[in-house]
Amino acid sequence: MGRIELRGINKFFGKNHVLRDLDLTIDDGEFMTLLGPSGCGKTTTLRVVAGLEKPQSGTIRVDGKEVVNAAEYYFAPPSKRNLNLVFQSYALWPHMTVFKNVAFGLTVKKLPSSEVKRRVAQALERMQIASFSERYPSELSGGQQQRVAIARAIVSEPKLLLLDEPLSNLDAKLRIDMRSELKRLHQELGTTVIYVTHDQVEALTMSTKIAIFFDGRLAQVAPPMEVYNNPADLRVADFIGNPRINLIPGRAKRDGDTVRVRSDLGALTFQVKNFIDMNWTDEEFDCTLGIRPEQIAIAQTEPSAYLTAGKVYSSMPAGSETLIQIQAGTSNLLAKEIGISPYETEQTIYLNIDPRKINLFDTVSKKLIKKSVNK
Ligand SMILES: Nc1ncnc2c1ncn2[C@@H]1O[C@H](COP(=O)(O)OP(=O)(O)OP(=O)(O)O)[C@@H](O)[C@H]1O
Ligand SMILES: [Mg+2]
């Protein structure tokens, strides 16, 4: 078991309201990533769950058992919450070798020494630090220390693992290796993980669900591909995806079963049934089209049908993919193609975009009003 429920959590530091009406359920076996820009409240949320901070209001349950009830001023101590924690800054014991640091928890549990050795060796192997086993933390780089801290947390195969930016000190290649190790580990052990990061790629690749924060408030909680394909508002759309989503201003008007949208991309037609939470009127209104760079199809010769013509502003090949900056009307668009594309600067090109893949946002409320659909 490993289910965590936060209800109505509010946290203030002095007058600074850092967590606002937080409702979040992390199901048993979930890999939940808390994602958002610096200072949005991710670490604070983790510390509140772990019992290192007391919220001013709200309740928290772990496996149905109340561990926080702010109204009754009840806060179970961290040791009574059955959680394992790795922090942004990792506190290793300086007087113990890597092996002893990692083995400590198991030794305390009085496991036979052969079992301790086997488990520690496996955890060090996973984190690619087996050769440092006899070194002291002061003899390791930041990234190596960070991996020791992760090994220490996973060695006891905990039911609940809280990780705060555990890969922040690693170089790009090692970070990808460690992501895949953590993902495997999660799948093999069925551990519930709460993982904090401000790296959206990390969130998309590892999580079963992402909770996106802005200014202490949750903007969306959903599986990674749902967050990517249907961001709940313009802030989420802009935050998720690299390269960034294209956001183009448009004017929308309903006409029977369809909605017509005019923009620098020409005239597009959408099905009314794909819109959500709308109070339709006859008025035209401001909308924002959200288009992922990989959804833009480029033709070099004039096809029989296309949405709009544009000009190549610059073409940026990067080996496995090419990014193409395009000018269409007064809008700049970024398109992405797999492989090396042969475009010339100022070349005229023809753009097509499947309207089903386009997101529409209400420009005033910033909310998603039309999801992308596959059929
Ligand atoms: N102990 C504290 N005392 C006062 N203010 C704090 C304290 N801890 C955090 N804060 C404030 O609370 C807000 C949220 O901080 P938090 O550490 O949760 O952000 P974060 O999302 O983890 O950011 P980062 O990505 O930079 O780690 C920030 O404005 C921060 O300055
Ligand atoms: Mg933090």
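Parameters at a glance
- Residues numbered from 1 in each chain as written.
- Chains lettered and ligands numbered in written order.
- Predicted model: local features only at pLDDT ≥ 70, side-chain atom pairs only at ≥ 80, totals over all residues.
- Helix = DSSP H or I, 4+ residues; strand = E, 2+ residues; numbered from the N terminus.
- Buried ≥ 20, exposed ≤ 12 C-beta atoms within 10 Å, placed from the backbone.
- Pairing = 2+ DSSP bridges.
- Expected span 1.5 Å × (residues − 1).
- Arc of directions from axis to C-beta.
- Near = placed C-beta within 6 Å.
- Nonpolar A, V, L, I, M, F, W, Y, C, P; charged D, E, K, R; others polar.
- Axes fitted to C-alpha atoms, helices over the stretch in contact; angles between N-to-C directions.
- Domains from an automatic or database assignment.
- Parallel < 35°, antiparallel > 145°, perpendicular 65-115°, else oblique.
- Left-handed = near helix turned anticlockwise from the far one by under 90°.
- Contact = placed C-beta atoms within 7 Å.
- Core = buried A, V, L, I, M, F, W, Y, C linked by C-beta atoms within 7 Å.

## Observations regarding the overall build of the chain
Here's step 1: In terms of regular secondary structure, the chain is built from 8 helices and 22 strands.
Here's step 2: On the principal axes, the C-alpha backbone points of the chain span a range of 75 × 50 × 35 Å.
Here's step 3: Buried positions account for 38% of the 375 residues belonging to the chain.

## With respect to the pairing of strand E13 (residues 258–263)
Here's step 1: Burial along E13 is one-sided: the residues Val259, Val261 and Ser263 are buried and none of Thr258, Arg260 and Arg262 is.
Here's step 2: The sheet contact formed by strand E12 (residues 246–255) and E13 spans 6 bridges and is antiparallel. If you follow Lys253 over to E13, its bridge partner there is Arg260.
Here's step 3: Here E12 folds back onto E13, and the loop between the two strands holds 2 residues, one of which, Gly256, carries a positive phi near 65°.
Here's step 4: With 6 bridges joining them, E13 and strand E14 (residues 266–271) adopt antiparallel strand pairing. Opposite Arg260, over in E14, you have Thr269 as the bridge partner.

## Observations concerning helix H5 (residues 172–189)
Here's step 1: Given a rise of 1.5 Å per residue, 18 residues ought to cover 26 Å, and the 26 Å separating the end C-alpha atoms of H5 matches this to within 8%.
Here's step 2: All of the buried residues along H5 are Met178, Leu182 and His186. Relative to the axis of H5, the buried residues are bounded by an arc of 75° and lie together on one face. Projecting away from the buried face of H5 at angles above 90 degrees are the exposed residues Lys173, Ser180, Arg184, Gln187 and Glu188.
Here's step 3: Residue Gly190 follows H5 closely and has a positive phi angle near 65°.

## Overview of the site of ligand 1
Here's step 1: What surrounds ligand 1 is the set Phe13, Asn16, Val18, Gly36, Ser38, Gly39, Cys40, Gly41, Lys42, Thr43, Thr44 and His198.
Here's step 2: When contributions to the shell around ligand 1 are tallied by element, the ones reaching two or more residues are strand E2 (16–26) and helix H1 (42–50).
Here's step 3: Looking at side-chain class alone, the shell around ligand 1 contains 3 nonpolar, 8 polar and 1 charged residues.

## Side note on the sheet that holds strand E16 (residues 296–299)
Here's step 1: Read from one edge to the other, the open sheet built from 5 strands follows the order E16-E20-E17-E18-E19, with strand pairing classed as antiparallel. For this open sheet the edge positions go to E16 and strand E19 (331–338), each flanked by a neighbour on one side alone. Mean inter-strand twist for the sheet, computed between neighbouring axes without regard to direction, equals 45°.
Here's step 2: Strand direction decides the pairing type here: strand E17 (residues 308–317) and strand E18 (residues 321–328), joined by 6 bridges, are antiparallel. Within E18, the residue paired with Ser314 across the bridge is Gln325.

## Re the domain arrangement of the chain
Here's step 1: In terms of domains, the chain is made up of domain 1 (4–231) and domain 2 (246–370).
Here's step 2: Placing the centre of domain 1 and that of domain 2 at their C-alpha centroids yields a distance of 39 Å.

## Section: the packing of helix H2 (residues 98–108) against helix H3 (residues 113–126)
Helix-helix packing is characterised by the crossing angle of the two axes and by the distance between the axes.
Here's step 1: Packing of H2 against H3 brings their axes to within 10 Å, and their N-to-C directions diverge by 130°. The orientation of H2 with respect to H3, classified from their angle, is oblique. Regarding H2 and H3, the two cross each other, and that crossing is right-handed. Residue-level contacts link Phe99, Val102, Ala103, Leu106 and Thr107 of H2 to Val116, Arg119, Val120, Ala123 and Leu124 of H3.
Here's step 2: Looking at side-chain class alone, the contact of H2 with H3 contains 8 nonpolar, 1 polar and 1 charged residues.

## Quick notes on the sheet that holds strand E22 (residues 368–370)
Here's step 1: Spatially, 6 strands are ordered E14-E13-E12-E15-E21-E22 in an open sheet, and the strand pairing comes out antiparallel. Sheet topology places E14 and E22 at the edges, where each strand pairs with a single neighbour. Neighbour-to-neighbour, the strand axes of this sheet turn through a mean angle of 40°, independent of strand direction.
Here's step 2: Note that E12 and strand E15 (residues 285–291) share 7 bridges and pair antiparallel. Directly across from Gly250, in E15, lies its bridge partner Cys287.

## Some words on the nonpolar core
Here's step 1: Membership of the largest hydrophobic core comes to 93 residues, with the highest contact counts inside it found for Val102, Ala151, Ile194, Ala211 and Ile212.
Here's step 2: Per-element tally for this core: the top contributor is helix H4 (residues 142–154), with 6 residues.
Here's step 3: Shared between two domains, this core holds at least three residues of each, these being domain 1 (4–231) and domain 2 (246–370).
Here's step 4: Those residues within four positions of Ile212 in sequence are excluded, and the remaining contacts are Leu35, Gly36, Leu218, Ala219, Gln220, Val227, Val236 and Phe239.

## Points about H4
Helical geometry: 3.6 residues make up each α-helical turn, so side chains three or four residues apart lie on a common side.
Here's step 1: End to end, H4 covers 19 Å across 13 residues, agreeing with the expected 18 Å (1.5 Å per residue, within 8%).
Here's step 2: Most of H4 is tucked away: 11 of the 13 residues are buried.
Here's step 3: Listed as buried for H4 are Gln144, Gln145, Gln146, Arg147, Val148, Ala149, Ile150, Ala151, Arg152, Ala153 and Ile154.

## Some thoughts on the packing of H2 against H4
Here's step 1: Contact pair H2 / H4: the axes reach a minimum separation of 7 Å and the direction vectors enclose 25°. The angle between H2 and H4 places the two elements in the roughly parallel class. Between H2 and H4 the crossing geometry is right-handed. Two secondary-structure elements touch here, H2 through Val98, Asn101 and Val102 and H4 through Val148, Ala151 and Arg152.

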